[in-house]
Amino acid sequence: MSDKIEFGLDTFGDVTTGADGQPLPQAQVIRNVVDEAVLADQLGIDFIGVGEHHRNDFAVSTPETVLAAIAARTERIHLGSSVTVLSSDDPIRVFQRFSTVDALSNGRAEVILGRGSFTESFPLFGYRLNDYETLFSEKLDLFAALAKGGAVTWQGSIRPPLNEQSVYPPTESGTLKTWIGVGGSPESVIRAARYDLPLMLAIIGGDPKRFRPFVDLYHRALDQLGQDTKPIGVHSPGYVADTDEQAREELWPNYKKMHDRIGAERGWPPTSRATFDSEADMGSLYVGSPETVARKIASTVKALGISRFQMKYSNGPLPHEKMMRSIELYGTKVLPMVRDLLA
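Since this is a predicted model, take the numbers as computed values, not measurements.

Within the fold, Ser61 resides in the loop between β2 (47-50) and α2 (63-73). The exposure class of Ser61 is partly exposed, given its relative accessible area of 33%. Measuring from C-alpha to C-alpha, the distance between Ser61 and Gln246 comes to 32 Å, with 185 residues separating the pair along the chain. In this view, Ser61 contacts Glu52, His53 and His54; residues no more than four positions away in its chain are not counted.

In terms of burial, strand β1 (residues 6-11) is a largely internal element, 5 of the 6 residues being buried. Bridge count between β1 and strand β12 (residues 308-312): 5 bridges; the pairing is parallel. Residue pairing for β12: Leu9 is matched across the bridge by Met311. Bridge analysis of β1 against β2 gives 4 bridges, and the strand direction is parallel.

With that out of the way, let us pick up the packing of aromatic side chains. Any two aromatic rings considered together are summarised by their centre-to-centre distance and by the angle between their planes. Counted according to the given criterion, the structure contains 8 aromatic pairs. One aromatic cluster is present, built from ring pairs that chain together Phe12, Phe58 and Phe118. It is Arg308 that lies over the ring of Phe47; its NZ or CZ is 4.4 Å from the centre. The aromatic ring of Phe12 is capped on one face by Lys312, whose charged end is 4.9 Å from the ring centroid.

With that out of the way, let us pick up unusual backbone geometry. A cis amide bond links Ser82 with the next residue in sequence, Val83, at an omega value of 0 degrees. Within the fold, Val83 resides in the loop between β3 (78-81) and β4 (84-85). Cis geometry is adopted by the peptide bond preceding Pro169, which originates at Tyr168 and carries an omega value of -5 degrees. When you line up the elements, Pro169 lands in the loop between β7 (162-165) and β8 (177-182). One non-glycine residue, Asn106, lies in positive phi territory at about 60 degrees. One can find Asn106 in the loop between α3 (91-104) and β5 (110-114). Judged by its relative accessible area of 67%, Asn106 falls in the exposed class. Although it is not a glycine, Glu164 sits at a positive phi angle of roughly 50 degrees. Relative to the assigned elements, Glu164 resides in strand β7. Overall, Glu164 belongs to the exposed group, its relative accessible area being 54%.

Reading the values: the criteria
- Residues numbered from 1 in each chain as written.
- Predicted model: local features only at pLDDT ≥ 70, side-chain atom pairs only at ≥ 80, totals over all residues.
- Heavy atoms only, no water.
- Helix = DSSP H or I, 4+ residues; strand = E, 2+ residues; numbered from the N terminus.
- Buried < 20%, exposed > 50% of the residue type's maximum accessible area, 1.4 Å probe, protein only.
- Contact = heavy atoms within 4.5 Å.
- Pairing = 2+ DSSP bridges.
- Phe/Tyr/Trp six-rings, centres within 6.5 Å; stacked < 30°, edge-to-face > 60°.
- Lys NZ or Arg CZ within 6 Å of the ring centre and 35° of its normal.

All quantities given are derived from atomic positions and should not be read as evidence of function.
Rendered as structure tokens:
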């Protein structure tokens, strides 16, 4: 575990409801995401991550554009994706967009690369799901070369080769901080180590301690490859209110709507209040009062030895105003308590 623990927030730009209970226009949701990030910056939170989706229930399809707007209104918070679906994008264009955000933010850009949990981007951009593995593997190989800075020579099967090709704009530091987002595949953990990249674990259900074997595997792989220790982060959903009861009662109906909507597409049964409460009590749902959420985050940090925790604060149609209050409590009360518990 690193001596310096970073704390972040994530959002997928979930389409939220307004005062009339109706879904807000996606344009307004995007503007609200920027305001949420500005508040996080003012509170001293270390990182804000914005997800990429191509669906009617999530408003953000180009995280870098939103991050550029956030960069112009913030001073210190680091800005990244959660995640960039690299398989259905062009690695060179992804690098260029993030190096531009890096310029606008004076070096605060990061990228978290992953496969994504949805597949809508594949037919949208003309990719075959049958090529899922090859696309991610080769595009990650190219992006890892780009992120190191300098001219790139690369060859694969998915695009013409590059020979001492420079890509502009370069980052001022010469590199771009790049994470690999992993949902629980040992192969993905080893891949992150092989490319000498930090690991971001997406833990969205169950006891977070069950991911300890993946942490150990990552450390072993780095050691066997002769690589230095790298940061490990955790991304999990959460919501903070003044009391445990208030947090659960406010989150539950929105959590259920989100879970059941996605579940209907994937063949899951509707979720129950008992399942929700079990995740809040013993799983990877960080919901409750500041004291409750702080204790749970500290427990995860200690159990997994991580150096960053990112809470996904958006949860389905949960209104913007409630998320702003949750962010406020996270920054002003939860994080100081976590730091005290870890001291």
